[in-house]
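Descriptive analysis of the structure
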Amino acid sequence: WYTPEGLEDLLKRDERQAHEDLRSEPFNYGFQLRDYQQAAIQAVEAAIGAGQREMLLAMATGTGKTKTCIALISRLLKAKRFRRVLFLVDRSALGEQAANAFKDTRMESLQTFADVFGLKELDEQKPDAETAVHVATVQGLVQRVLYAAEGAAPPSVDQYDCIVVDECHRGYLLDREL
């Protein structure tokens, strides 16, 4: 169920204005994006604007997936299209790598992404109100959703507005049943 705060946030959100802001937002960051990275970001933003809820962005090794993703998430948060993003990984090592990228990537005015938007890492069970990005593993999320500790409520549906799945293509639930 939605929380009262989550419903209030949905009512305040102006998706149309957010998409207008995205179209006019320049690609000026503390790092350079290649043309195909900008095109990928614009394609994802257009799909979100058209109401599409699921997208696959496939990029070869070494083509800058992490920087593309950091720029995309930054744009979506800055335009207020989303309030909080879950960055889901399948291994702790990938989560640490992603968290380090968020903490080290300089955006605007030499501030890092984590400084601007806030970041919760793998060891945190849930984000606080000010956190815009939460890095978690599939296993940790499954544990919180399906096997919550007694007396602990599973995450509400409004805890995250957007979920970015980074290479989580293994069947963990099936593996557990086997």
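Each chain carries its own residue numbering, running from 1 in the direction its sequence is written. Side-chain atom pairs in this predicted model are given and counted only at pLDDT of 80 or more, local residue features only at pLDDT of at least 70, and totals for whole chains, interfaces and linings cover all residues. By convention in this description, side-chain values take in all heavy atoms of the structure and omit both hydrogens and water.

Under the scheme used here, helices are H or I runs from DSSP no shorter than 4 residues and strands are E runs no shorter than 2 residues, and both carry numbers assigned from the N terminus. Summing up its helical and strand segments, the chain has eight helices and four strands in all. Listing every helix and strand of the chain by position from the N terminus yields α-α-α-α-β-α-α-β-β-α-β-α. The C-alpha atoms of the chain give 16 Å as radius of gyration, which agrees with the globular expectation for 178 residues (16 Å, within 12%). Of the charged side chains in the chain, 22 are positive and 28 negative, and the gap between their average positions amounts to 2 Å. The quantity called the radius of gyration is restricted to C-alpha atoms. Its globule counterpart is 2.2 Å times the number of residues to the power 0.38. In this tally, Lys and Arg are treated as positive and Asp and Glu as negative; His is ignored, and so are the chain termini. Positions of charges follow a simple convention, taking NZ of Lys, CZ of Arg, CG of Asp or CD of Glu.

Next up on the list: helix H2 (residues 15-24). Categorising residues by exposure relies on relative accessible area from a 1.4 Å probe, with only protein chains included: less than 20% of the type maximum marks a residue as buried, more than 50% marks it as exposed, and the intermediate range marks it as partly exposed. Along H2, the residues classified as buried are Ala-18, His-19 and Leu-22. When H2 is viewed along its axis, its buried side chains cluster within an angular range of 95° and face the same direction. Across from the buried face of H2, at angles greater than 90 degrees, the exposed residues are Arg-16, Arg-23 and Ser-24. Any two residues whose heavy atoms approach within 4.5 Å at even a single point are treated as in contact. Among the structural elements, helix H3 (35-49) and helix H4 (65-78) are those in contact with the buried residues of H2. Each direction from the helix axis to a C-beta atom contributes to the arc, which is the arc of those directions.

Next up on the list: the sheet that holds strand E3 (residues 133-137). Between any two strands, pairing holds if DSSP finds at least two bridges. Across the sheet, which stays open at both edges, the four strands sit in the order E2-E3-E1-E4 with parallel pairing between neighbours. Looking along the sheet, the strands with just one partner apiece sit at the ends: strand E2 (119-120) and strand E4 (162-166). As paired strands, strand E1 (residues 85-89) and E3 are joined by five bridges and run parallel to one another. Within the sheet, the bridge partner assigned to Leu-86 lies in E3 and is His-134. Lines fitted to C-alpha atoms define the axes, with helix axes restricted to the stretch in contact, and inter-axis angles between N-to-C directions lie between 0 and 180 degrees. Lying on the sheet, H4 is in contact with E1, E3 and E4; it crosses E1 at an angle near 160°.

Looking now at unusual backbone geometry. Backbone geometry at Lys-80 places phi at a positive 65°, although glycine is not the residue there. Note that Lys-80 resides in the loop between H4 and E1.

By nonpolar core we mean a set of buried residues, namely Ala, Val, Leu, Ile, Met, Phe, Trp, Tyr and Cys, connected to one another through side-chain atoms within 4.5 Å. If you look at the biggest cluster of nonpolar residues, it comprises 35 residues, and the most contacted ones within it are Ile-73, Leu-77, Phe-87, Phe-102, Phe-113 and Val-133. Elements supplying a minimum of two residues to this core: H3, H4, E1, helix H5 (92-104), helix H6 (113-117), E3 and E4. With seven residues, the top contributor of residues to this core is H4. Formed by seven residues, the second largest nonpolar core is a distinct cluster that contains Leu-86, Leu-88, Val-142 and Tyr-160.

This next bit is on the pattern of salt bridges. By salt bridge we mean one thing: a side-chain nitrogen of Lys or Arg within 4 Å of a carboxyl oxygen of Asp or Glu. One pass over the structure, following the stated rule, counts 12 salt bridges. Across the salt bridge formed by Arg-16 and Glu-20, the nearest N and O atoms sit 2.4 Å from each other. Residue Arg-16 and its partner Glu-20 are located together in helix H2, separated by four residues, close to a single helical turn. The exposure class of Glu-20 is partly exposed, given its relative accessible area of 34%. Linked through salt bridges whose partners overlap, the residues forming this network are Asp-9, Arg-13, Arg-83 and Asp-161.

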